[in-house]
Amino acid sequence: MDKTYNVAIIGCGGISHMHAGWYVNEPRTTITAIADLDEERLNSFGERHNVEKKFTDYVAMLETEDIDLVSVCTRPKHHAPIVIETAKHGVKGILSEKPMAENLGQAKAMLDACKQHGVKLAIDHQVRFSTPYQHARQLIADGVIGEIYRIHGICGGGDLKDNATHTVDLMLYVYSDRPVSWVIGQIERIGTPTKYDLHSEDFAIGYFKFEDNVRGIIESGNDTAPGYHHIYCYGTGGEIELAAPGGPGIRLRNAESNGEWVSPELPAGSNPVRDMIETVEEDREHRSSGYQGYATLELLMAIYESSRKRQRVRLPMEEMESPLTLMIEDGWV
């Protein structure tokens, strides 16, 4: 008989219902407790998903309930303190929403706390589990488009930390999460935009080099292109386009297709919760592990840092505060 897992969800806003769907449709998990400061939202979530144990204090929930897996679905500024505190309470795995944290200092503290307490940490870049991106990763690894030399990602709508965090994460994912050596970037900020209580920007562009010299370009902003994630992968023997017209989807062209665009058959997919269970049981890292979340956040922060310093930023980054926050505090943007 498969082992079963008790689940708690912290934060009962809009995104929490996506997490709830994964748990409800996974026979090995049961949502046993929820927490939110807003009692009306808490009760509404409990009624919708048939959860009786409701808490306005998530620490009290962790201290009194037997919890195995936790989803953190709060506003971004709360991710780090909640993950760090939750890791101390004997849970096996934490699935925290994106962006990972406000800055790299907080993200590092999250990794350190989970490592210290033996907790598997994942950041919910859930599009990693979308079959077009899984398949593109394998096609690139198999050399179906020859030697890859450039990945161009476009995120139309939103800012780097909100929506383009997915696009950047996918660019890293399809290229097997290879390390990045340096980043150069620029942002445009008009007025004082914020998104989910964090400082934001209107437009951003980043250019970066993987350690093997493959280049990446990320464009983010409302006037770039329609759709959140549109990624082009260019190789010496062909191209892959993700979120192709009519997408989401995938199409490719190479010598085998005589240069014509074709849409390959896609394999079956998974989801972050199923992978978290396997991560715990197999004692391995999650497909969207905290370490991968850190790498994605670091690239985003490096774009800000390059804009702040007017030069390339070499990774790993030394600045642990958000460079965007530093620019704003200095009156630059």
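So, here is what we can say about the structure in this document. (Residues numbered from 1 in each chain as written. Predicted model: local features only at pLDDT ≥ 70, side-chain atom pairs only at ≥ 80, totals over all residues. Heavy atoms only, no water.)

1. Here we look at the packing of helix α4 (residues 79–86) against helix α5 (residues 104–116)
Relative to each other, α4 and α5 sit at 10°, their axes nearing to 9 Å. In terms of orientation, α4 lies roughly parallel with respect to α5. From α4, His79, Ala80, Val83 and Ile84 reach across to α5, where they touch Gln106, Ala109, Met110, Ala113 and Cys114. A per-class count over the contact of α4 with α5 returns seven nonpolar, two polar and no charged. (Axes fitted to C-alpha atoms, helices over the stretch in contact; angles between N-to-C directions. Helix = DSSP H or I, 4+ residues; strand = E, 2+ residues; numbered from the N terminus. Parallel < 35°, antiparallel > 145°, perpendicular 65-115°, else oblique. Contact = heavy atoms within 4.5 Å. Nonpolar A, V, L, I, M, F, W, Y, C, P; charged D, E, K, R; others polar.)

2. Examining helix α6 (residues 131–141)
Since the α-helix turns once every 3.6 residues, residues separated by three or four places project in the same direction. Where burial is concerned, most of α6 is hidden: eight out of the eleven residues are buried. Inspection of α6 places Thr131, Pro132, Tyr133, Gln134, His135, Ala136, Leu139 and Ile140 among the buried residues, and these make up the whole buried set. Looking at the buried positions of α6, the neighbouring elements they touch are β7 (148–156), α7 (160–174), β13 (230–235), β14 (238–242) and β15 (250–254). (Buried < 20%, exposed > 50% of the residue type's maximum accessible area, 1.4 Å probe, protein only.)

3. Details of helix α1 (residues 16–24)
Of all the residues in α1, the buried ones are Ser16, His19, Ala20, Trp22 and Tyr23. End-on view of α1: buried residues confined to an arc of 160°, all on one side of the axis. Turning to α1, the residues buried within the fold contact β1 (5–10), β2 (29–35), α2 (39–49), β4 (69–72), β5 (93–96) and α8 (272–282). (Arc of directions from axis to C-beta.)

4. Section: the packing of aromatic side chains
Taken as a whole, this structure holds four aromatic pairs when the rule is applied. Ring geometry for Tyr175 against Phe210: centres 5.0 Å apart, planes inclined by 75°, an arrangement best described as edge-to-face. Linking Tyr175 in the loop between α7 and β8 (180–188) with Phe210 in strand β11 (residues 203–210), this pair joins segments that are 35 residues apart in sequence. Exposure class is identical for Tyr175 and Phe210. Each is buried. Centroid distance Phe208 to Phe210: 5.5 Å. Interplanar angle 65°. Geometry classified as edge-to-face. On the basis of relative accessible area, Phe210 is assigned to the buried category, the value being 0%. The structure contains a cluster of three or more aromatic residues connected by ring pairs, namely Tyr175, Phe208 and Phe210. (Phe/Tyr/Trp six-rings, centres within 6.5 Å; stacked < 30°, edge-to-face > 60°.)

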